[in-house]
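An overview of the molecular structure
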Amino acid sequence: MAPARKSKTHPPPPPSRTLVLDNGASTIKAGYVAEDAVDEPRLIPNCIARDRNKKVYVASDLDKCIDLSEVAFRRPVEKGFVVNWEAEKEIWEHEFLHDKAPQPCDPSETRLILSEPSNSLPVLQTNCDQMVFEEFGFASYYRGIGPSFNAYHDVQGILRTPRDPGTVAQLPAEILLLVDTGYSHTTITPILQGRPFHSAIRRLDVGGKLLTNYLTRLLSLRHYDMRNETYIVNEMKEAACYVSLDFKQDLDRAWKGTRGERRDTYLSGAGIAKDYVLPDFHTRTKGIVREYDPQRASRARKLVSESSEDVLTLRNERFTVPELLFHPSDIGVRQPGIADLVMQSLRVLPIGLWPGLLANIVVVGGNSLFEGFVERLQKEIVQLVPDECFVRVARPTNPITSTWSGAANLAKHQHINSLSVTKQEYEEHGAAWAARKFSAGLDS
């Protein structure tokens, strides 16, 4: 008698709710996507902080910290990669899994879409997959390269391409060159039909963290010792710095002169100098940028002991710090700037793709919010590419949450069911099979 045939196990239905995490080094962008609704993403500090009174704040609890002076940070992400899962686990549990979590989640009924940096090490990817399935127990999961999620935007809408009314955006975008400049690093990623060209991805080890550290060093040499005040310096950088469109001219206007000389442009501020009023965490919890007034500055120097404000006058620091994105060699970093990296990336690809990529350059990440960044990048790329190439550079309305929004669009797209791995498949086929499926992406 023939043995009874085993019934074939059917995969469980896909979860109706998806948690989308853009797990950045500075902030986690998190929100839920359901069939009929998409949350606004929350920006969660991806850190565990300790203030001067030794009180510990986990992730979003940092908002409750009144005095941010001399705050020490422990970050689970280094150089863009999660290297401390003990700290990351504590942050995720605090934000999503505890009873009083701001965004409560039942992993057994939730799909997770998680961003990762380009060219991550296999051992780090395996650790991540094990944490998601074995520690948290998510029902379904997709780990994808963060820049590629931006292909699931209306890219032509971002670039303001003239179109007929009622035109439906193509998702994923046909062709795109994504410049992602964030906290840890800057990456150049060419993307075709949602698939990144891995061989053409280029990375610059200059990001918001290095810029903040450099500004901290300059201020500590020229003004006050700010080495323990990185949080305040970071706010100062975001509020006061800009990318110069003519670096040599601005440097000349901000120059004091030699041998005790005080040039007129230096004394007047030349439209470059700004005063930054430091927070005292009693009457002001945030610093204030105001116009430089030479007369006020002169009076403040005479009444320094009586003044109730601590004021830093920022001059060439305002534009020499962001300049490192375009000329890292200024501080000895032996890497080319962003525009040169774009050209390095293009040279790996067939020249027939150049026009499409150069006409569809999108910049995301916190550093792209510097005033003048988009204009300077476009100007430098135009000088490097052939004359017949048309260059367009654009920035989304919110470049910090752009990657999250693209991943949220992917969560509603038909591709997600073929891309994601269920917990049942992971247990049946193993971690190596899941890693191969994530690496293959849309080609799997």
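Residues numbered from 1 in each chain as written. Predicted model: local features only at pLDDT ≥ 70, side-chain atom pairs only at ≥ 80, totals over all residues. Heavy atoms only, no water.

1. Remarks on the overall build of the chain
- Helix and strand counts for the chain stand at 17 helices and 20 strands.
- Its C-alpha radius of gyration of 24 Å places the chain within 12% of the 22 Å reference for a compact globule of 444 residues.
- Considered along the principal axes of its C-alpha atoms, the chain spans approximately 105 × 60 × 45 Å.
- Out of the 444 residues in the chain, the part that is buried amounts to 51%.
- In the chain, of all internal contacts separated by at least 6 residues, the share reaching a separation of at least 24 is 64%.
- Accessible surface for the chain amounts to roughly 22500 Å². Of this, 49% is attributable to carbon and sulfur atoms.
- Treating the 54 positive side-chain charges of the chain as one cloud and the 57 negative ones as another, the clouds have centres 3 Å apart. (Helix = DSSP H or I, 4+ residues; strand = E, 2+ residues; numbered from the N terminus. Rg over C-alpha atoms; globule rule 2.2 N^0.38 Å. Buried < 20%, exposed > 50% of the residue type's maximum accessible area, 1.4 Å probe, protein only. Contact = heavy atoms within 4.5 Å. Areas by Shrake-Rupley, 256 points an atom, 1.4 Å probe, with all protein chains shown as cover. Lys, Arg positive; Asp, Glu negative; His and termini not counted. Charge placed at Lys NZ, Arg CZ, Asp CG, Glu CD.)

2. Observations concerning the side chain of His153
- Mapped onto the fold, His153 is located in the loop between α3 (146-149) and α4 (155-158).
- For His153, the side chain forms a polar contact with the main-chain oxygen of Ser402, separated by 2.7 Å.
- His153 has contacts with Ile158, Gln170, Leu171, Ser402, Ser405, Gly406 and Asn409, leaving out every residue within four places of it along the chain. (Polar contact = N/O pair within 3.5 Å; in protein donor to acceptor, adjacent residues only side chain to side chain.)

3. A closer look at the packing of helix α1 (residues 85-97) against helix α2 (residues 122-136)
- At a minimum axis separation of 12 Å, α1 and α2 run at an interaxial angle of 45°. By the angle between their axes, α1 is oblique relative to α2. Once α1 is placed against α2, the crossing between them reads as right-handed. For the pair α1 and α2, contact is made by Trp85, Lys89, Trp92, Glu93 and Leu97 and by Asn127, Cys128, Met131, Glu135 and Phe136, respectively. (Axes fitted to C-alpha atoms, helices over the stretch in contact; angles between N-to-C directions. Parallel < 35°, antiparallel > 145°, perpendicular 65-115°, else oblique. Left-handed = near helix turned anticlockwise from the far one by under 90°.)

4. Section: the sheet that holds strand β20 (residues 421-422)
- Across the sheet, six strands lie side by side as β3-β2-β1-β9-β10-β20; this open sheet has mixed pairing. Strands with a single pairing partner mark the edges of an open sheet, and in this sheet they are β3 (42-45) and β20.
- Pairing between strand β9 (residues 110-116) and strand β10 (residues 140-145): six bridges, direction parallel. Pairing of Leu114 across the sheet is with Arg143, part of β10. (Pairing = 2+ DSSP bridges.)

5. Topic: the environment of Thr285
- Relative to the helices and strands, Thr285 resides in the loop between β15 (274-277) and β16 (288-291).
- Owing to a relative accessible area of 46%, Thr285 belongs among the partly exposed residues under this scheme.
- Considered as a pair, Thr285 and Ile66 are 219 residues apart in the sequence and their alpha carbons are 7.5 Å apart.

6. As for the side chain of Asp250
- Of note, Asp250 is situated in helix α7 (residues 247-253).
- Residue Asp250 is classed as buried on the basis of its relative accessible area of 9%.
- Setting aside its immediate chain neighbours within four residues, Asp250 contacts Tyr242, Ser244, Ile272 and Phe319.

7. Some details on the nonpolar core
- Ile338, Leu358, Phe373, Leu377 and Ile381 are the most contacted members of the largest nonpolar core, which has 57 residues in total.
- For this core, the element with the most residues is helix α11 (residues 338-347), which contributes six residues.
- Discounting residues that sit within four places of it in the chain, Ile338 has contacts with Val179, Thr186, Ile188, Leu204, Leu325, Phe326, Phe373 and Leu377.
- Core analysis: the next-biggest nonpolar cluster, separate from the first, contains 44 residues, Ile44, Val58, Ala407 and Ile416 among them. (Core = buried A, V, L, I, M, F, W, Y, C linked by side-chain atoms within 4.5 Å.)

8. Considering the packing of α11 against helix α13 (residues 373-384)
- Contact geometry of α11 with α13 gives a least axis separation of 9 Å together with a crossing angle of 50°. By the angle between their axes, α11 is oblique relative to α13. Where α11 crosses over α13, the handedness of that crossing is right-handed. The segment α11 lies against α13, with Ile338, Ala339, Asp340, Val342 and Met343 engaging Phe373, Leu377, Glu380, Ile381 and Leu384.
- A breakdown of the residues in the contact of α11 with α13 according to their chemical character gives eight nonpolar, no polar and two charged. (Nonpolar A, V, L, I, M, F, W, Y, C, P; charged D, E, K, R; others polar.)

9. Structural notes on the packing of aromatic side chains
- With the rule as written, the count across this model stands at twelve aromatic pairs.
- Their ring planes at 85° and their centres at 5.4 Å tell us that Phe133 and Tyr141 sit as a pair that is edge-to-face. Judged on exposure class, the residue Phe133 and its partner Tyr141 are both buried.
- Over the ring of Tyr32 we find Arg17, and its NZ or CZ is 3.7 Å from the ring centre.
- We note Arg376 situated over the ring of Phe326; from NZ or CZ to the ring centre the distance is 4.6 Å. (Phe/Tyr/Trp six-rings, centres within 6.5 Å; stacked < 30°, edge-to-face > 60°. Lys NZ or Arg CZ within 6 Å of the ring centre and 35° of its normal.)

10. Some points on the pattern of salt bridges
- Under the counting rule described, the total for this entry stands at 19 salt bridges.
- For Lys89, the salt bridge goes to Glu135, with nearest N and O atoms at 3.7 Å. Of this pair, Lys89 sits in helix α1 while Glu135 is found in helix α2, placing the two residues 46 residues apart along the sequence.
- Between Arg227 and Asp225 there is a salt bridge, with its nearest N and O atoms 2.9 Å apart.
- Arg227 gets classed as exposed once you look at its relative accessible area, which sits at 60%.
- By sharing partners, the salt bridges in this structure join Lys89, Glu93 and Glu135 into a single network. (Salt bridge = Lys/Arg side-chain N within 4 Å of Asp/Glu carboxyl O.)

11. A closer look at unusual backbone geometry
- Following Leu171, the chain continues to Pro172 via a peptide bond in cis, the omega torsion being -5°.
- The phi dihedral of Asn119 is positive, around 55°, even though this residue is not glycine.
- Of note, the phi angle at Arg160 is positive, near 60°, even though the residue is not glycine.

12. Here we look at helix α5 (residues 208-222)
- End to end, α5 covers 21 Å across 15 residues, agreeing with the expected 21 Å (1.5 Å per residue, within 8%).
- Every buried residue of α5 is listed here: Gly208, Leu211, Thr212, Tyr214, Leu215, Thr216, Leu218 and Leu219.
- As for α5, its buried residues are in contact with α6 (230-240), β17 (311-314) and α10 (317-320). (Expected span 1.5 Å × (residues − 1).)

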